[in-house]
Amino acid sequence: MNWVTADKEFSRGKIVTNGNKYMTGNGYMGCRGTLEEFGKEQLAAVTLAGVYDQAGGKWREPVNAPNALFTRLSCNGKRLGVLDAEPLLHKQELDISCALHKRETVYGISGGELVFAAERFVSMDQLHVLASRLSLTATADCRIELETGIDGEVWDINGPHLYGLQEQNAAGMLLASAVTGELALQVAVAEKTVYGFEAQETAGEGARRFIAFDVKAGEVYEWFKYAAVYTELDCSDPDVLAVQNVRTAEAAGYGQLLTAHREAWAARWKRSDCLIEGDDAAQFALRYSIYQLLIIAPTASEKVSIPARGLSGQVYKGAVFWDTEMFMLPFFLHSDPGTARNLLMYRIHTLDGARRKAAEYGYLGAFYAWESQDSGDDACTLFNVNDVFTGRPMRTYFRDKQVHISADVVHGIWQYVAFTGDDSLLADGGAEVIWECARFFYSYAYYNPVKQRYEILDVTGPDEYHERVNNNAFTNALVHRTLEVAIECSELLQAMFPERYQQLAGQFAGGPFLKEFREMLDGLYVPQPDPDTLLIEQFDRYFKLEDVPLAELKARVLHPNEYFGGGNGLAATTAILKQADVVLMLNLFKSSFSKEVKQANWEYYEPRTEHGSSLSPCIYALVAADIGSPDWGYPYFMRTATVDLTGESKQYVGDLYIGGTHPAANGGAWMAAVLGFAGVEFDGETLRVQPALPGQWTAVELPLSLRGDSFRLRVSREEITVSSAAGNEGALKVCASGSEDQLCRPGTVLTLRTAGAAGSNVSANTAE
Ligand code: BGC
């Protein structure tokens, strides 16, 4: 099976997109897939999770650490790098089985050729450590000079963020240490280069050194770089720890570090790899999507969540959006519930920021940030897009009106509790978040005395091209769910954690609380399917908008980067939507709607969807699978699963770089394959499987972590096999294609025929 993606030649045009494609990381830091000699112009970056800074009154963004992987080569006095000399051969590759990045470049030198190879990884075993093995060999004698060390000139969109850079070289141990401007947090990077050949070493500028040596034709020269990164968020003396870590890494040696790193990766894949039989392209794309999620998963911290562009740089302010709860969480729930919990704890830790935002707008409770960073205050600006025609900032309403974010957070928390059975999350702050969000919606809603119903007015739904609309079906349905959850949560908390319940009930005694939530729930308007057309109107008067075909709307475009939304946007007065909205709602509440309703809305909304967000196509794949038309969904799945492999996404808007990786699409690809095509659904009690495999797929197989127990599921067209690990605690109820529930006991394998298979629903329960 293929685990490697590679480029077999160097292309300047791909420097930026390859920086994303070849990303490595470990949730603590992300390292862009740039080459050793690259600097800030090529967007080399080691982006730190959860460390933010504001500079020059511009928007806050994550901090990039000084780059300890920097290495530049000169041969016989001439610089040798892909930007200076046309390579004879060049290969860049990434092994996603263990996040190992490699490059090999062959240059012409006087009298022969020189091969430069470098391999590196961001340790999954020791989250602060990076290591690299480099080598060269030539067919002619030559004189080489390496310039290597820590590059303190880091890429910033809105920098500089690091001040008072102190660079030292203490007997070969390099240290670059600086302080962020806003919060004065120290960031320290240490590095040591180790080699066994004869060379002359001299100090270079800053934290760099020159290593010069004579190369004999045919001999291999190999050296190693060990580096470590710490910030004051980790400890009080980051420079001391960074240096200590490098010493320990050097003592362990590259081989041992790599072995431990590989083992940590093997453990990650063991609990998350998903096999697709019969379709190698889909298999690789899905694995690659999972890889992208694994390199950014905050396994070790509940103070950070996953930003919309992962750890691939500073785009989108390194902010956390609804993307995490709605598009990434399901993957973690099924494979790594501990990380899923961390993601939700992040929302609990940022509740005060959400309270401040609600209060700022005159509401009660918690209005979560549309773009959330370390404190939970909203990083989203009021003018989030520049008008390409006038150059003026455009007033957008993402921050003020995408109120569904608070409902998305509640949905995430409740999914976690129902799925894992870990109701301690509620006592640890989850219940307070849920109730504060419900209180927010109670204060946001309007009661219409004529229609005698609560309405949610003046919002922006997932389709951002239509701002400030009334009764967006998605938003109203999620607010409805928030109120239901708020009530269910009170029952659960009372039963499980009565003291905590009493304490919180006291805190909210002045209301609005459960009584008001019930009253609003009973009277809340949620748009329903039209009895004749079965269509759900996306928001009030949506059907009155100009119904222009997408191609015609695109023909009206005057500037390649013009924004379709906002006050004057091309789509704003038409029925063209940016991304799945009603269809996303149908996916979230799939058991509440008939197949006919789902199909009618899919067919109506899909041609009107621009898929202007990478979050959109996977939802159409999911609903296509749900209605039994997986082949409709397949192209949307492939588009989603390959977004970071092909680089086919917008990289710039005007002069603003908006590229990076797409974790929501990565999570969406997993959802489409597992929850969509394999048809997996777990409600905390019963595992239901209703497969709808696309054309070439013969089976999907994956490990599942359900309520603390481990299972392996195989879904083919004919049968469903569930293996329950011997050490599991209890029997699992399994239901295949709507048949009667069967029990899968610990240490057994349960095989069920699918509805489509001959002699359906025959079950066999065999001991392992
Ligand atoms: C989408 C949002 C998404 C954001 C970050 C926007 O283009 O419309 O739904 O949250 O990107 O991924």
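In this text the structure is predicted, and so the values were computed from the model without any measurement.

S.K.: A description of the site of the ligand should follow, citing residues and the corresponding values.
M.R.: Neighbouring the ligand are Ala308, Tyr316, Phe321, Trp322, Asp323, Trp370, Glu464, Lys578, Gln579, Ser613 and Leu615. Between the ligand and the protein, one listed contact pairs an oxygen atom with a side-chain N or O atom of aspartate 323 at 2.6 Å. Compared with its free state, where it exposes 310 Å², the ligand has 94% of that area covered by protein. Broken down by class, the residue content of the shell around the ligand amounts to six nonpolar, two polar and three charged.

S.K.: Can you break down the pattern of salt bridges residue by residue, with the values?
M.R.: Scanning all chains against the criterion turns up 50 salt bridges. In this structure, aspartate 273 and arginine 287 form a salt bridge, with 2.9 Å as the shortest nitrogen-oxygen distance. Residue aspartate 273 is located in the loop between helix H3 (254-272) and strand S19 (275-277), and its partner arginine 287 is located in helix H4 (residues 280-294); the two are separated by 14 residues in the primary sequence. This pair shows no difference in class: aspartate 273 is buried, exactly as arginine 287 is. A salt bridge links glutamate 360 to arginine 399, with the shortest nitrogen-to-oxygen separation between them at 3.1 Å.

S.K.: Hey, could you go over the sheet that holds strand S3 (residues 29-31) for me, with residue numbers and the actual values?
M.R.: The antiparallel open sheet is built from four strands, whose spatial order is S2-S3-S4-S5. With one partner strand each, in any of the chains shown, strand S2 (24-25) and strand S5 (61-65) form the two edges of the open sheet. Where S2 and S3 come together, two bridges link them in antiparallel fashion. Across the sheet, the residue bridging to glycine 25 is glycine 30, located in S3.

S.K.: For the domain arrangement of the chain, give the residues involved together with the corresponding values.
M.R.: On domain assignment, one finds that the chain holds domain 1 (4-270), domain 2 (273-677) and domain 3 (681-767). For domain 1 and domain 2, the distance between their C-alpha centres works out to 37 Å. Taken together, the contact between domain 1 and domain 2 spans 38 residues of the former and 33 residues of the latter. Regarding the contact of domain 1 and domain 2, the summed buried area is about 3100 Å², with carbon and sulfur atoms giving 65% of it.

S.K.: Residue-level account of unusual backbone geometry, with values.
M.R.: Excluding glycine, most residues fall at negative phi; most peptide bonds, likewise, are trans. Cis peptide bonds are those with omega within 30 degrees of zero, and the linkage from glycine 159 to proline 160 qualifies with 0 degrees. By the element assignment, proline 160 lies in the loop between strand S12 (142-149) and strand S13 (162-170). In this chain, glycine 511 is followed by proline 512 through a cis amide linkage whose omega measures -5 degrees. By the secondary structure assignment, proline 512 is in the loop between helix H12 (498-507) and helix H13 (514-523). A positive phi is found at glutamine 452, a non-glycine position, where the angle reads about 50 degrees. Relative to the elements of secondary structure, glutamine 452 occurs in the loop between strand S22 (446-448) and strand S23 (453-455). Here glutamine 452 falls in the exposed class, since its relative accessible area comes to 58%.

What counts and what doesn't
Numbers given for residues are sequential positions, taken from 1 along each chain in its written order. Reporting of local features is limited, given that this is a predicted model, to residues whose pLDDT is at least 70; pairs of side-chain atoms are given and counted only at 80 or more, and all residues count toward the totals for whole chains, interfaces and linings. The side-chain quantities take in all heavy atoms of the structure and omit both hydrogens and water. We call a residue near a molecule or strand whenever a single non-hydrogen atom of that residue lies within 4 Å of it. Under this definition, polar contacts are N or O atom pairs within 3.5 Å; protein pairs additionally need one hydrogen-donor-capable and one acceptor-capable atom, and for neighbouring residues in sequence, both atoms have to be side-chain atoms. Exposure was quantified through the Shrake-Rupley algorithm and a 1.4 Å probe, taking into account, for residues, occlusion by the shown protein chains and nothing else. Basically, the charged four are Asp, Glu, Lys and Arg, the nonpolar ten are Ala, Val, Leu, Ile, Met, Phe, Trp, Tyr, Cys and Pro, and anything else, Gly included, counts as polar. Only one rule defines a salt bridge in this text: a Lys or Arg side-chain nitrogen within 4 Å of an Asp or Glu carboxyl oxygen. Where helices and strands are cited, they refer to DSSP runs of H or I of at least four residues and of E of at least two residues respectively, numbered from the N terminus. For the exposure calls, accessible area comes from a 1.4 Å probe over protein chains only, and a residue counts as buried if that area is under 20% of its type's maximum, exposed if over 50%, partly exposed in between. For two strands to be treated as a pair, DSSP must find no fewer than two bridges joining them. Just so you know, the domain bounds were taken from an automatic or database domain assignment. Between two residues, a contact is recorded if the distance between any of their heavy atoms is within 4.5 Å. Simply put, the buried area is the total loss of 1.4 Å probe accessible area from both parts when two parts are fitted together.

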